[in-house]
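Below, each chain spelled out in residue letters.
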Amino acid sequence: MNIPQGLYFTKEHEWVKIDGGAGTIGITDYAQHSLGDVTFVELPKTGAALKQFQIMATIESVKAASDIYAPVSGTITETNQELNANPALINQDCYAKGWIAKVKLADPGETGNLMDPDSYKTYVEGLA
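Remember, predicted model here, so these are calculated numbers, not experimental data.

**Student:** Just to check I follow, could you spell out the pairing of strand S8 (residues 74-79) for this structure?
**Tutor:** Put simply, side chains in a regular strand alternate between the two faces of the sheet. Pairing between strand S5 (residues 49-50) and S8: 2 bridges, direction antiparallel. Looking at S8, one finds that leucine 50 is bridged to glycine 74. Pairing between S8 and strand S9 (residues 101-105): 5 bridges, direction antiparallel. Pairing of isoleucine 76 across the sheet is with valine 103, part of S9.

Put into structure tokens, the structure is as follows:
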């Protein structure tokens with residue numbers, strides 16, 4: 001299972017990469033694998049305000065529809081429009097090309113509520 005360093009993770013299998021006062025959000029390798037082939041992503045609206053752990057988007061796959069929760073609070077600055085034409089990017093490269101949204105962080109300290117890569121790896125191994 002692919003769990004990159006330098007990211008923060010939620011128990012619902014979202015990740016956020018912090019870069020200064022901004023964050024990039026997506027779903028983890030575990031999540032995309034559990035979902036199967038992603039067929040549609042309902043992206044959040046640019047300018048929308050997010051609250052940590054509240055629903056920010058929806059993802060549909062051949063198996064199920066699932067909510068995506070915001071790992072951090074902030075304002076959406078950009079969404080990955082490539083997912084409209086090619087939602088399978090999430091299956092192919094969930095940590096790079098398959099990102100979902102970028103946010104301006106409301107409170108960078110919220111990362112203290114998230115797991116680091118080692119903690120997330122332990123968490124996922126406990127689900128098996």
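Read on, since the account is not over.
**Student:** Honestly, the sheet that holds S9 in this entry has me stumped. Any pointers?
**Tutor:** Sheet strands pair via backbone hydrogen bonds, and the direction of the pair is either parallel or antiparallel. Taken together, 6 strands build an open sheet; the order of strands is S1-S2-S3-S9-S8-S5 and the sheet is antiparallel. Strand pairing shows two members of the sheet lacking a second neighbour, strand S1 (8-9) and S5, which therefore form its edges.

**Student:** Hey, could you run me through the sheet that holds strand S6 (residues 55-61) in this one?
**Tutor:** Spatial strand order, S4-S6-S7: 3 strands in an open sheet with antiparallel pairing. Strand pairing shows two members of the sheet lacking a second neighbour, strand S4 (38-42) and strand S7 (65-69), which therefore form its edges. Pairs of neighbouring strands in the sheet enclose a mean axial angle of 25°, with direction left out of account. As defined by bridge partners, S6 adjoins S7 across 5 bridges and the pair is classed as antiparallel. In the strand pairing of S7, threonine 58 is matched with aspartate 67.

Cut-offs applied
- Residues numbered from 1 in each chain as written.
- Predicted model: local features only at pLDDT ≥ 70, side-chain atom pairs only at ≥ 80, totals over all residues.
- Heavy atoms only, no water.
- Pairing = 2+ DSSP bridges.
- Helix = DSSP H or I, 4+ residues; strand = E, 2+ residues; numbered from the N terminus.
- Axes fitted to C-alpha atoms, helices over the stretch in contact; angles between N-to-C directions.

All we've got here are geometric facts, nothing functional implied.
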